[in-house]
Amino acid sequence: DLTYNGSAKTATISGYPASAPTGLAAEPTTITYYASTGAGSTATSGEALTGAPSAAGDYVAQMTWGEQTASMAFSIGKANITPSVSITGWTYGDTANTPSVTGNGSVSYSYSGREGTTYGPSADVPTLAGDYTVTATVAATDNYGEGTATANFTIAKKTVTVSGITAESKTYDG
């Protein structure tokens, strides 16, 4: 199994006889790469590639020995990602903090309440005091699969200070 890592994936031949059969070179004279019409298919799609492929996808390697050609289908799978997400909580009424995510691709967020806080899941950032979890989903790209990560945060209760109120002492008169 081949997995995307940014490096070209070249075809190799093993088990080739020590002495070449009559009329064939000891090694293939050319190896040409093509996009494949689908996984496992040796049918080619389009023009020859300029070299060995490195991107995730389905391919065909055509090896030529003189007048003889053999084709081999192969696939380069998407690499797995392990994104991470972090977010700092804030106090009720303050501006919400934005999550910070590592990973390739576009990111979507979902927020849910936890530890007794009822909320979501929702794409909307919560605004009420409570305990929450943000789930960041990094979308798949041409070369990477989708990945998710979570982080917990708290929206703290705002401290309220009451001032300017006075009270007189008064005896209960029933």
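Scroll up a little and you will see the structure.
Procedures and definitions
Residues numbered from 1 in each chain as written. Predicted model: local features only at pLDDT ≥ 70, side-chain atom pairs only at ≥ 80, totals over all residues. Heavy atoms only, no water. Pairing = 2+ DSSP bridges. Helix = DSSP H or I, 4+ residues; strand = E, 2+ residues; numbered from the N terminus. Core = buried A, V, L, I, M, F, W, Y, C linked by side-chain atoms within 4.5 Å. Buried < 20%, exposed > 50% of the residue type's maximum accessible area, 1.4 Å probe, protein only. Contact = heavy atoms within 4.5 Å. Phe/Tyr/Trp six-rings, centres within 6.5 Å; stacked < 30°, edge-to-face > 60°. Polar contact = N/O pair within 3.5 Å; in protein donor to acceptor, adjacent residues only side chain to side chain. Salt bridge = Lys/Arg side-chain N within 4 Å of Asp/Glu carboxyl O.

(A) Molecular detail of the pairing of strand 2 (residues 30-36). Here strand 2 pairs with strand 4 (residues 57-65) via six bridges, running antiparallel. Following the sheet pairing, Ala35 is matched in strand 4 by Tyr59. Of the strand pairs in this sheet, strand 2 and strand 3 (residues 44-45) are connected by two bridges, and their pairing is antiparallel. In the sheet register, Ser36 faces strand 3, and the bridge partner there is Thr44.

(B) Geometry of the pairing of strand 10 (residues 130-138). Here strand 9 (residues 107-114) runs beside strand 10; their pairing, made up of eight bridges, is antiparallel. Within the sheet, the bridge partner assigned to Tyr111 lies in strand 10 and is Val134. Here strand 10 pairs with strand 11 (residues 147-156) via nine bridges, running antiparallel. The residue bridging Ala136 from the neighbouring strand is Ala149, located in strand 11.

(C) Spotlight on the nonpolar core. Val85, Ile87, Trp90, Tyr111, Tyr132, Val134, Ala136, Ala149, Ala151, Phe153 and Ile155 form the largest nonpolar core, which has eleven residues in total. Elements with a minimum of two residues in this core: strand 10 and strand 11. The element that contributes the greatest number of residues to this core is strand 11, accounting for four residues. Those residues in contact with Trp90 that lie beyond four places of it in its chain are Thr95, Ala96, Asn97, Val125, Pro126, Phe153, Thr154, Ile155 and Ala156.

(D) Quick look at the sheet that holds strand 7 (residues 90-91). A sheet is described by the order of its strands in space; here four strands give the open sequence 7-11-10-9, paired in mixed fashion. Strand pairing shows two members of the sheet lacking a second neighbour, strand 7 and strand 9, which therefore form its edges. In the sheet, strand 7 pairs with strand 11 via two bridges, with the strands oriented parallel. By the bridge assignment for strand 11, Trp90 is matched with Ile155.

(E) Broad picture of the packing of aromatic side chains. For the coordinates displayed, the defined rule picks out seven aromatic pairs. Between Tyr4 and Tyr144, the ring centres sit 5.4 Å apart and the planes meet at 80 degrees, which makes this aromatic pair edge-to-face. Here Tyr4, found in the loop between strand 1 (2-3) and strand 2, pairs with Tyr144, found in the loop between strand 10 and strand 11; they are 140 residues apart in sequence, far enough to count as distant. Seen in terms of ring centroids, Tyr132 and Phe153 are 5.6 Å apart; in terms of plane orientation they differ by 25 degrees. Their pairing is stacked. Taken together, the residues Tyr132 in strand 10 and Phe153 in strand 11 connect sequence positions 21 residues apart. Comparing Tyr132 with Phe153 shows no difference in burial state: the two are buried. Through a chain of ring-to-ring contacts, three or more aromatic side chains come together here, namely Trp90, Tyr111, Tyr119, Tyr132 and Phe153.

(F) Local environment of the side chain of Asn143. Looking at the secondary structure, you find Asn143 in the loop between strand 10 and strand 11. Here the side chain of Asn143 touches Ala56 through a polar contact of 2.7 Å, landing on its backbone nitrogen. Once you skip the residues sitting within four places of it in the chain, Asn143 turns out to touch Tyr4, Ala55, Ala56, Lys78 and Ala79.

(G) Fine view of the pattern of salt bridges. One pass over the structure, following the stated rule, counts one salt bridge. Note that Arg114 is salt-bridged to Glu115, the shortest N-O span being 3.1 Å. Relative accessible area serves as the criterion here: at 19%, Arg114 is assigned to the buried category.

(H) Representation of the side chain of Thr117 in the model. As for its placement among the helices and strands, Thr117 is situated in the loop between strand 9 and strand 10. A distance of 2.9 Å separates a polar atom in the side chain of Thr117 from the backbone nitrogen of Asp131.

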